[in-house]
Amino acid sequence: MFWLRMTSCLLSLLFLFPLISFIMAATQPAGCKIRITDKGLDMLKYETQKFVEEELSNISMPEMKGKEGRFQYTITDVKITELNLTYAELQFIPDVGLLFDVQNSSISLSFNRRILYWFFFDTGNINASAEGVNINTALNLIRDDEGRLKINNITCDARIDKMRAKFSGTLGRVYDFLATFLTTGMRFLLNKQICPALNHAALVQVNAMLETIPVRTEVDQYIGIDYSLIDDPVVTSRSLDMHFRGMFFDLSNQNDTLVNYAVDPVIKEYDRMVYLALSEFFFDSGMFSYYKAGIFEMDIVNEKMPKDLEMLLRTTYFGAIMMLNPALVDAPLSLQLAVNSPPKTSIKTSGATVIMTATVKVLVLPPGQAPVQLSSMTMETKFNAKVSIKAKRLAVHADLRRFKIFSNQSALESLALIPLQAPLKTMLQMSVVPLINNYTKKGVRIPLADGMDFIEEVVEYHNGFIVIGANLHFSKGLREMIAGANTKSDNSTQI
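Residues numbered from 1 in each chain as written. Predicted model: local features only at pLDDT ≥ 70, side-chain atom pairs only at ≥ 80, totals over all residues. Heavy atoms only, no water.

Engineer: Tell me about the confidence of the model for the chain, residues and numbers included.
Structural biologist: Looking at the chain as a whole, its pLDDT mean stands at 81, while 86% of the residues score no less than 70. A low-confidence stretch, residues 489–493 stays under pLDDT 50, and its non-local contacts, those more than four residues away or across chains, total 4 contacts. (pLDDT = per-residue confidence, 0-100. Contact = heavy atoms within 4.5 Å.)

Okay, here's the thing in structure tokens:
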């Protein structure tokens, strides 16, 4: 009986393990958060209104044929000539997504007529206007299976209160009584066309644009970044909040990633159009990935070795070389730097710093022989890290703040290394710091659609995370952004 119960418990745990793993993954804090505020929505409203106007302008109406009394008519080439969506609003719908609402607007149309009345045949153009146009469209935003923002479904209600048509030509006045009949049919057809056009625009075209936003993509030849959403967007009456994994990874071993134990970033502000929050994990995972990729290793020898540093090293280790082999006095010297653990980021209200510990080996290189180690020391460094945004790329610039070396062999040798502090610090500033900045200055793309950029950024440092507030600038219209979605998707590298 006991073994039966034990087996039952074990089987239960096995079945529950995937669920437990999923819950643990879902509760992991976000490394990156983006908030779009109602002020940002005001900017988006203008682009959305233009896009909707363009979509409705492309509505195609079917040919209309019929008979009314002694009249036989055919209506063709229906075209929307002008839209006036004067009273349009774009709003957040809490727990749902977005609402695009058009009230009391108008549409102007033109179409051709062919009318047979008794033995009279007449053709010409008809101008019509639809008034009291009301469109209510709600877009439900979700996280799809790949962790990408997506419009899940759209509810649409379109209504045209009245429509007028003005006939021209020889028998224009005679046809006036047909206007009510024809416009009623056209109003019915136009009502039927508006929502399908907007459904296609949102579910096909806008979703295609959203697919160009990077989810899991390469940063450079060494690392990539995971910008997948960890949950559905959080929508309130004032904002749309998106929580991203915000995790870098080594391209050569994408499963070897850092666990997120950092503070969950908090965005409290609504004054600017958009906010970007980055936790210590965001930066730590980048440093961890570069470390795993072997970037933080350097061999300084020959022309890379500053002459004054080489002279100081020969002076410092002259005795050791002579005791080892006097013939090696003129042999080249080498400094091997290797970071021995992933660098660690610390973000406080006073700023951001990165702590890095490395092993520095001094080697003599006998011609045709294996290198001989003269000394091994530990180097502790602390860098100030300054975060900035250029267009929609996040960049980090590091400056050396503190530097210390000590021997791994004895306290006495640590004292002997004091003269090397200043030249090694200079070498670090000239060689290692530029190496780090070379990888970080290029920046990593922020998960925004192509054509949408940050401007007027303000960076604020908090305990455990950074919040960047900015306004939005559209370098492209929404139509142009959507038109270029397929090309952008073909050129980008998704992992």
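Back to the text.
Engineer: So what about the state of the cysteines? Which residues, and what values?
Structural biologist: Scanning the entire structure with this criterion turns up 1 disulfide. There is a disulfide in this structure between Cys-156 and Cys-195, and the S-S distance comes to 2.1 Å. An S-S torsion of about -80 degrees defines the bridge between Cys-156 and Cys-195 as left-handed. Residue Cys-156 is located in strand β7 (residues 149–167), and its partner Cys-195 is located in helix α3 (residues 176–210); the two are separated by 39 residues in the primary sequence. (Disulfide = S-S within 2.5 Å. Helix = DSSP H or I, 4+ residues; strand = E, 2+ residues; numbered from the N terminus.)

Engineer: Break down the pairing of strand β21 (residues 452–462) for me, citing the residues and quoting the values.
Structural biologist: Pairing between β21 and strand β22 (residues 465–474): 9 bridges, direction antiparallel. Following the sheet pairing, Glu-460 is matched in β22 by Val-467. Linking two consecutive strands that pair antiparallel, namely β21 and β22, is a turn of 2 residues; a positive phi of about 100 degrees is found at Gly-464 within it. (Pairing = 2+ DSSP bridges.)

Engineer: Could you give me a rundown of the packing of aromatic side chains, with the residues and numbers involved?
Structural biologist: The description of an aromatic ring pair rests on the distance of the ring centres and on the angle between the ring planes. A full pass over the atoms with the stated rule returns 4 aromatic pairs. Each ring, one from Tyr-227 and one from Phe-244, has its centre 6.2 Å from the other, and the planes form 80 degrees; the classification is edge-to-face. You can see Tyr-227 sitting in the loop between β9 (223–226) and β10 (234–235) and its partner Phe-244 sitting in strand β11 (residues 239–244), a full 17 residues away along the chain. Accessibility assignment for this pair places Tyr-227 and Phe-244 in one class, buried. Judged by centre distance (6.4 Å) and plane angle (70 degrees), the rings of Tyr-290 and Phe-296 are edge-to-face. Here the two residues Tyr-290 and Phe-296 agree in accessibility, since each one is buried. An aromatic cluster is defined as three or more aromatic residues linked by ring pairs; in this entry it consists of Phe-248, Phe-282 and Phe-283. One residue, Arg-216, lies across the ring of Phe-249, its end atom 3.9 Å from the ring centre. Over the ring of Tyr-270 we find Arg-238; its NZ or CZ atom is 3.9 Å from the centre of that ring. (Phe/Tyr/Trp six-rings, centres within 6.5 Å; stacked < 30°, edge-to-face > 60°. Buried < 20%, exposed > 50% of the residue type's maximum accessible area, 1.4 Å probe, protein only. Lys NZ or Arg CZ within 6 Å of the ring centre and 35° of its normal.)

Engineer: Got a sec to walk through the nonpolar core? Specific residues and values, please.
Structural biologist: Judged by nonpolar contacts, the single largest core of 130 residues is most densely connected at Phe-282, Leu-335 and Leu-337. Looking at which element gives the most residues to this core, the answer is α3, with 11 residues. Excluding its chain neighbours within four sequence positions, the residues that come into contact with Leu-337 are Phe-296, Glu-297, Met-298, Ile-300, Thr-359, Val-360, Met-379, Met-427, Leu-428 and Val-432. Core analysis: the next-biggest nonpolar cluster, separate from the first, contains 5 residues, Ile-267, Tyr-275, Ala-277 and Val-467 among them. (Core = buried A, V, L, I, M, F, W, Y, C linked by side-chain atoms within 4.5 Å.)

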